[in-house]
Amino acid sequence: MKKLLYLTQTDTTIGFVSQDASKIDGAKKRLPNKHYIRVVNSLQTLQTFTRVPSKHKNRVRRAKRTTFIMPNGQSFRVVKGTEHNLLLDRLKWLYSSSANLSGSDYDEAYAKKMTEVTVTSPQKNGGEASKIYKLGVKSIRKIR
């Protein structure tokens, strides 16, 4: 399946999503050395990418609109019970980023021009960014 760049209302904000991080890099015009949040549709999908430290399993399972940076440096957010799951359940996981030029505000015309597929949603407002926590084997630190 061709890895497309989507413009959609995510669980937190209007965003670019794709299984190909380089497509998001191109749309945002940013250097490819930054990592993206990987949004997954379930804990089962999350376990195919990383191991959640035992001390934090319940926190990750119950969290809503929260991103976790795992001890391996990769960041994940499990999304459940949102309209975004209509797309996410089909693809299982996606890289996710806000739909704007790096360092700029959201511009709908620009965002639509850069994407291959626009997924419509009744919510067309920018939401609040997710909370971010860095997990260690035994520790946790709030990033945002």
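Described below are features of the structure shown in this document. (Residues numbered from 1 in each chain as written. Predicted model: local features only at pLDDT ≥ 70, side-chain atom pairs only at ≥ 80, totals over all residues. Heavy atoms only, no water.)

As a further point, take the nonpolar core. F16, L46, V60 and M70 are the most contacted members of the largest nonpolar core, which has 21 residues in total. Put simply, the parts of the chain that give this core at least two residues each are strand 2 (14–18), helix 1 (21–28), strand 5 (75–78) and strand 6 (93–98). In contact with M70, other than residues within four places in its own chain, are L46, T50, V52, P53, F76 and L135. Counting nine residues, the second-largest nonpolar core is a separate cluster that includes Y6, V17, I37 and L87. (Core = buried A, V, L, I, M, F, W, Y, C linked by side-chain atoms within 4.5 Å. Buried < 20%, exposed > 50% of the residue type's maximum accessible area, 1.4 Å probe, protein only. Helix = DSSP H or I, 4+ residues; strand = E, 2+ residues; numbered from the N terminus. Contact = heavy atoms within 4.5 Å.)

Attention now moves to the packing of aromatic side chains. The relation between two aromatic rings is expressed through the spacing of the ring centres and the mutual angle of the planes. Evaluation of the coordinates by the stated rule reveals four aromatic pairs. Ring centres of F49 and W93 lie 5.5 Å apart, and the angle between their planes is 75°; this geometry places the pair in the edge-to-face category. Remark: W93 occurs in strand 6 and F49 occurs in the loop between helix 2 (43–46) and helix 3 (57–62); sequence separation between them is 44 residues. With relative accessibility at 24%, the residue F49 sits in the partly exposed group. Clustering of aromatic rings is evident, with ring pairs tying together F49, F76, W93 and Y95. Stacked on the ring of F49, the Lys or Arg R38 has its end atom at 4.3 Å from the ring centre. When the ring centre of W93 is taken as reference, the NZ or CZ atom of R38 above it lies at 4.9 Å. (Phe/Tyr/Trp six-rings, centres within 6.5 Å; stacked < 30°, edge-to-face > 60°. Lys NZ or Arg CZ within 6 Å of the ring centre and 35° of its normal.)

Here the focus is the layout of surface pockets. The computed volume of the largest pocket comes to approximately 470 Å³. Lining the largest pocket are 22 residues; nearest its centre among them are I37, S96, S97, S98 and R144. Mapped onto the lining of the largest pocket, the elements with two or more residues apiece are strand 5 and strand 6. It is strand 6 that provides the largest number of residues to the lining of the largest pocket, a total of three residues. Looking at side-chain class alone, the lining of the largest pocket contains seven nonpolar, 11 polar and four charged residues. Volume-wise, the second largest pocket comes out at about 180 Å³. Taken together, A21, D25, P32, K34, H35, Y36, R38, G73, Q74, S75, F76 and Y95 form the lining of the second largest pocket. For the lining of the second largest pocket, the secondary structure elements donating two or more residues are helix 1 and strand 5. (1 Å grid on protein atoms, 1.4 Å probe; cavity = no way out; pocket = protein on both sides within 12 Å on 5 of 7 lines; lining within 4 Å. Points joined across faces, edges and corners; volume = space filled by probe spheres on them. Nonpolar A, V, L, I, M, F, W, Y, C, P; charged D, E, K, R; others polar.)

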